[in-house]
Amino acid sequence: MRIAVLALQGAFIEHEQMLSRLGAEVFEVRELADWQQPKDGLILPGGESTTQAKLLNDLGLLEPIKADIQAGLPVFGTCAGLILLANKIEGEPEKRFATMDIHVLRNAYGRQLGSFHTEAEMKGVGKIPMTFIRAPYIEDVYGKAEILATVDNHIVAARQGNQLVTAFHPELDTDTRVHEYFLNKVRSLH
């Protein structure tokens, strides 16, 4: 199983390390030639969503990746990756994938809560550690999107078809179950 990891900016190395520990082959996507390699899934890491969106556009990656996601390529977006997949965003440029029926608030927890750690239940996974870093949260899901986890009445994980998003960073904890959940989805398609 080959998983592409968007490596333009942000916490992509931690995703690569966790996927490798789980036996997946990973490769980094930094330019269009990288994207054209065979792949079974995609990780969109946390980081700065505005910077990632600009680089995706400047490098000609946005439309080819969006087309593959729309065609059913499994994708897992954390934090900034969640923002890139959202159809509706408060205060975010229009140029993004916008493939998921979710409405997102950026930096929703504000600077004062900058980062925090908790444990909560995630549907299909169980009770897991959740690390939030200047995280967004999902204000609303609609259409075909489904809520997978909430923390303090805020939606922090969702899925739609082959798309999975978390406002938290499972790659920063030792618990591998969220990545396993994603890889099981990828496997189910082969």
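Keep in mind that what you see is a predicted model, and the values were worked out from it rather than measured.

What counts, and where the lines are drawn
- Residues numbered from 1 in each chain as written.
- Predicted model: local features only at pLDDT ≥ 70, side-chain atom pairs only at ≥ 80, totals over all residues.
- Heavy atoms only, no water.
- Helix = DSSP H or I, 4+ residues; strand = E, 2+ residues; numbered from the N terminus.
- Buried < 20%, exposed > 50% of the residue type's maximum accessible area, 1.4 Å probe, protein only.
- Polar contact = N/O pair within 3.5 Å; in protein donor to acceptor, adjacent residues only side chain to side chain.
- Contact = heavy atoms within 4.5 Å.

Draft legend 1. Spatial organisation of unusual backbone geometry. One non-glycine residue with positive phi stands out, namely aspartate 152, at about 50°. When you line up the elements, aspartate 152 lands in the loop between strand S10 (146-151) and strand S11 (154-160). Of the residues examined, aspartate 152 reaches a relative accessible area of 62% and is grouped as exposed. Positive phi, close to 65°, is recorded for asparagine 153, a residue that is not glycine.

Draft legend 2. Representation of the environment of aspartate 58 in the model. Checked against the element boundaries, aspartate 58 lands in helix H3 (residues 49-58). As for aspartate 58 and methionine 122, which are separated by 64 residues in sequence, their C-alpha atoms are 36 Å apart. Within the structure, aspartate 58 has its side chain in polar contact with the side chain of lysine 54 (distance 2.6 Å).

Draft legend 3. Region of the structure containing the side chain of histidine 103. Mapped onto the secondary structure, histidine 103 falls in strand S6 (residues 100-105). Non-local contacts of histidine 103, meaning those with residues more than four positions away in its chain, are made with Lys88, Ile89, Glu90, Tyr137, Ile138, Glu139, Asp140 and Tyr142.

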